[in-house]
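Read off the chains here:
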Amino acid sequence: MVSYGHPEPDDKSLEEQQTTQKGPSTSQNLTVVPSATNQQTILNFVRKPISLSRSKQLDEQLIRVIVKEYQPFRVVEDPEFKKFIYMLCLNYKMPNRKTISNSLIPRLYNSTKEVISNELSDVDAVCLTTDGWTSINNQSFMALTAHFIDGNQEKHHLKSYLLGCVLFDEQHTAKKLVRTIEKSAKLKDTQSQMGLPELKLKQDVVTRWNSTYDMLSRIIAIKKAVVSLLAVDEPHLNTLSPNDWIILEKSIEVLKLFSEITEEISA
């Protein structure tokens, strides 16, 4: 018997039709787009410099550590210390010894001096004490410290500031100490009256290579004030002759070369 109807599809044909109707398999056409947060850019591998203000803060704290903890300037060249600083802040460029001695230390000194001067100008009374002592190298020093009460009526604070510490070769008697302080005050007043910068005398130190150059350079810089003060305060003292001053000036020219070489080697 001949049948004119459509043949019934087998199971395999049905599966092929269903696949054609549903479209391609999801597992073959699903594309995973990576999240933008997971993508690495070149900026992730570039060391961004820290801000100027942040770098200045780190410099100041480094100097305070060196000054207050009596650390040598060469600590910034120690490999382990440099590695430690790098681990704390890899973008911080630590200053070298020359920058510390020629720039950062003087800047900290001037800012600290200004803060202390402002505090002392606002107090009603200041007590000054002196202390003479001798180092293990048999060098004598004199220190001058200021003490004052700071604060309002409800809360008071006793503060003390070391104003200076200088070499002192004379006997540590009260009379000698007072005379030294008076001379320093008179020199400052003389410089102020003559319109000159207020600079202190420097002394030669055997253990410091450039101290002789520093001492002679300073005496030449304040020559007018020193000569004027000695003429009034010590009229019977044998002072330097004009020829002696010329010799000092020529000696400075020679010593300056050694000073510059020493600083360059130490940098």
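Provided above is the structure to which this section pertains.
Computed from a prediction, not measured in an experiment: that's the story for all the values here. (Residues numbered from 1 in each chain as written. Predicted model: local features only at pLDDT ≥ 70, side-chain atom pairs only at ≥ 80, totals over all residues. Heavy atoms only, no water.)

Quick word on the overall build of the protein chain
Worth spelling out the cut-off: Helical segments are the DSSP runs of H or I of at least four residues, strand segments are the runs of E of at least two, and each set is numbered from the N terminus. Type-normalised accessible area, obtained with a 1.4 Å probe on protein chains alone, sets the label of each residue: buried when under 20%, exposed when over 50%, and partly exposed for intermediate values.
Counting secondary structure elements, the protein chain contains 9 helices and 3 strands. In the protein chain, the succession of helices and strands from N to C terminus is α-α-α-α-α-β-β-β-α-α-α-α. With 267 residues in all, the protein chain has 18% of them scored as buried.

Topic: helix α3 (residues 52-68)
Convention followed: The span you would expect from a helix comes to 1.5 Å times its residue count less one. What the arc measures is the spread of directions leading from the helix axis to the C-beta atoms.
If you check α3, its first and last C-alpha atoms are 24 Å apart, about what 17 residues at 1.5 Å a residue would give, namely 24 Å. The complete set of buried residues in α3 reads Ser55, Leu58, Asp59, Leu62, Ile63 and Ile66. Projected onto a plane normal to the axis of α3, the buried residues spread over an arc of 135 degrees and lie on a single side. The exposed residues of α3 that point more than 90 degrees off its buried face are Ser53 and Lys68.

Re unusual backbone geometry
A positive phi angle, close to 55 degrees, is found at Tyr70, a residue other than glycine. Considering the arrangement of structural elements, one finds Tyr70 in the loop between α3 and α4 (79-88). The class for Tyr70 is exposed, based on a relative accessible area of 74%.

With respect to α4
Definition in use: Side-chain atoms alone can form a polar contact between residues adjacent in sequence; in general such a contact is a pair of N or O atoms within 3.5 Å, and within protein one must be able to donate a hydrogen while the other accepts it.
Taking burial as the measure, the 10 residues of α4 include 1 buried ones, a minor fraction of the element. Where α4 begins, one side-chain oxygen reaches toward the backbone nitrogen of Glu80, 3.2 Å away; that side chain belongs to Asp78.

Overview of the nonpolar core
Our working definition: Nonpolar cores are built from buried Ala, Val, Leu, Ile, Met, Phe, Trp, Tyr and Cys residues. Side-chain atoms within 4.5 Å join them into one set.
Within the largest apolar cluster, 12 residues are counted, these being Leu58, Leu62, Ile63, Ile66, Val75, Val76, Ile85, Tyr92, Met94, Ile100, Leu104 and Leu108. Those elements that place two or more of their residues in this core are α3 and α5 (97-121). For this core, the element with the most residues is α3, which contributes 4 residues. Within the second largest apolar cluster, 11 residues are counted, among which are Tyr213, Leu216, Ala225 and Ile252.

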